[in-house]
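Structural characterization, general
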Amino acid sequence: MKKTTTKSISQSYDALAPGYGERWRIFNDVVRGWVLARFPKMEEGTVLDLGCGTGAMLKAIHEKCSELKLRGVDASPQMLALARQAVPAAQLIEGDVERESDGRFDVVLSLNVLHHLRDPAAHLVRLKELCKSGGRIYLCDFSIDTIRIGIAELWWRLFHPAHRRAFHPQELRAMITAAGLVIEDSEVLKPDSFWRLQIYELTS
């Protein structure tokens, strides 16, 4: 199996950083809108975004409630540089999202990260551990549920150094349940005629 490393992810997203916001604008707007529509009403609290990228999600949360304490973790220094410009109020850390272990949060986000990871099942367990009792977890990743995206998934595995694997919704749902998480809401998002994203609101 291909060895995906934090370095390969960092290098891939460092290269993407300058045009990332515009290139993936529709894709990310759909995900962000889904999460914000279900985001818990809080006057204070803590939010952790694992794989925060350019900080667009954290910025939107800050605009919704400026009193929340925000933390983002990402492997790419170039993406984090953009995030620091977008949301200076957030604590932003360069690091491996699979090893984040400090604290418990009211909301934990893992959006389009899972397909990069060495151990997706362990990541789901870690999301539960990082989320406070009564908190919310938002998880999103590719949905491998059509022939076209299935073929693309094989290409990504072979030729994209930062991609490890993505899952059919039935498979990911089983992993979520095995991790001790409860699906409160879910949907397959279709930003355009090709992309399909499975997204979940979870509790422990």
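Before reading on, note that the structure itself is shown above.
Thresholds applied
- The written sequence of each chain sets the order in which its residues are numbered from 1.
- With pLDDT at 70 or above as the cut-off, local features in this predicted model cover only qualifying residues; side-chain atom pairs require 80 or more to be listed or tallied, and sums for whole chains, interfaces and linings still use all residues.
- Excluded from the side-chain calculation are hydrogens and water; included are all heavy atoms of the structure.
- Helix numbering and strand numbering both begin at the N terminus, where a helix is a DSSP run of H or I of at least 4 residues and a strand a DSSP run of E of at least 2.
- Every radius of gyration here is taken over C-alpha atoms, with the globule rule written as 2.2 Å times N^0.38, N being the number of residues.
- When accessible area is computed with a 1.4 Å probe and restricted to protein chains, residues below 20% of their type maximum are described as buried, those above 50% as exposed, and intermediate ones as partly exposed.
- Working rule for contacts: check all heavy atoms of both residues, and any pair within 4.5 Å makes them a contact.
- For the accessible areas, the method is Shrake-Rupley and the probe is 1.4 Å, while residue cover comes only from the protein chains on display.
- His is not counted, nor are the chain ends; Lys and Arg add positive charge and Asp and Glu add negative charge.
- The atoms used to mark charge sites are NZ of Lys, CZ of Arg, CG of Asp and CD of Glu.
- Buried residues of nine kinds, namely Ala, Val, Leu, Ile, Met, Phe, Trp, Tyr and Cys, make up a nonpolar core once their side-chain atoms join them within 4.5 Å.
- Lines fitted to C-alpha atoms define the axes here, with helix axes fitted over just the stretch in contact, and angles between the N-to-C directions of these axes take values from 0 to 180 degrees.
- When an angle is under 35 degrees it counts as roughly parallel; over 145 it counts as roughly antiparallel; between 65 and 115 it counts as roughly perpendicular; any other value is oblique.
- By definition, any crossing whose near helix is turned counterclockwise from its far helix by less than a right angle is left-handed, and any crossing with a clockwise turn is right-handed.
- Under the scheme applied, nonpolar residues are Ala, Val, Leu, Ile, Met, Phe, Trp, Tyr, Cys and Pro; charged residues are Asp, Glu, Lys and Arg; polar residues are all the others, including Gly.
- Salt bridge criterion: a side-chain nitrogen from Lys or Arg within 4 Å of a carboxyl oxygen from Asp or Glu.
- Disulfide assignment relies on a single distance test, namely cysteine sulfur atoms paired within 2.5 Å.
- Aromatic pairing here means that ring centres of Phe, Tyr or Trp (its six-membered ring) are within 6.5 Å. Orientation follows from the plane angle: under 30 degrees is stacked, over 60 is edge-to-face, and everything else is tilted.

A few words now on the overall build of the protein chain. Of the regular secondary structure elements, the protein chain holds 7 helices and 7 strands. The secondary structure elements of the protein chain, listed N-terminal to C-terminal, are α-α-β-α-β-α-β-β-α-β-α-α-β-β. Radius of gyration (C-alpha) of the protein chain: 16 Å, near the 17 Å computed for a compact globule of 204 residues. Projected onto its principal axes, the C-alpha positions of the protein chain cover 45 × 35 × 30 Å. Going through the 204 residues of the protein chain one by one, you find that 51% of them count as buried. Summarising the internal contacts of the protein chain: among those between residues at least 6 apart in sequence, 68% fall at separations of at least 24. For the protein chain, the exposed area adds up to about 10,000 Å²; of that, 52% sits on carbon and sulfur atoms. Charge separation in the protein chain, taken as the distance between the mean sites of 27 positive and 26 negative side-chain charges, equals 3 Å.

Of all hydrophobic cores here, the largest spans 42 residues; its most connected members are Val35, Phe39, Val47 and Leu109. Sorting the residues of this core by element identifies helix H1 (6-23), helix H2 (25-38), helix H3 (56-64), helix H4 (77-86), strand E4 (105-111), strand E5 (131-142), helix H6 (147-159) and strand E7 (197-203) as the ones contributing at least two each. The residues contacting Val47, other than those within four sequence positions of it, are Phe39, Leu58, Ile61, Leu68, Lys69, Leu70, Arg71, Phe105, Val107 and Leu109. Leu50, Val73, Val108 and Phe167 belong to the second-largest nonpolar core, a separate cluster that totals 23 residues.

Our next topic: the environment of Lys41. Positionally, Lys41 belongs in the loop between H2 and strand E1 (46-50). C-alpha of Lys41 to C-alpha of Lys64: the two residues are 23 residues apart in sequence and 9.4 Å apart in space.

Moving on to the packing of helix H5 (residues 120-130) against helix H7 (residues 169-178). Packing of H5 against H7 leaves a shortest axis separation of 9 Å and a crossing angle of 45°. In this view, H5 runs oblique relative to H7, as classed from their interaxial angle. As H5 packs across H7, the resulting crossing turns out to be right-handed. For the pair H5 and H7, the contacting residues are Pro120, Ala121 and Leu124 in the first and Leu172, Met175 and Ile176 in the second. The class makeup of the residues in the contact of H5 with H7 is 6 nonpolar, no polar and no charged.

Moving on to the pattern of salt bridges. A full pass over the atoms with the stated rule returns 12 salt bridges. Ionic pairing is found between Glu98 and Arg118, a salt bridge with its closest N-O pair at 3.4 Å. One end of the pair, Glu98, is in the loop between strand E3 (91-94) and E4; the other, Arg118, is in the loop between E4 and H5, with 20 residues separating them in the sequence. Owing to a relative accessible area of 21%, Glu98 belongs among the partly exposed residues under this scheme. By relative accessible area, Arg118 is classed as partly exposed at 34%.

All right, on to unusual backbone geometry then. In the Ramachandran plot, Asn112 falls in the positive-phi region, its phi being about 60° despite a non-glycine side chain. Topologically, Asn112 is positioned in the loop between E4 and H5. Assessed through its relative accessible area of 12%, Asn112 is described here as buried.

Time to look at the state of the cysteines. Applying the stated criterion across every chain, the model contains 0 disulfides. Lacking any disulfide linkage, Cys131 is separated from the closest cysteine sulfur, that of Cys65, by 17 Å.

Here a ring pair, both rings aromatic, is described through the centre-centre distance and the interplanar angle of the planes. With the rule as written, the count across this model stands at 8 aromatic pairs. A network of ring pairs unites the aromatic residues Phe27, Phe142, Trp156, Phe194 and Trp195 as a single cluster.

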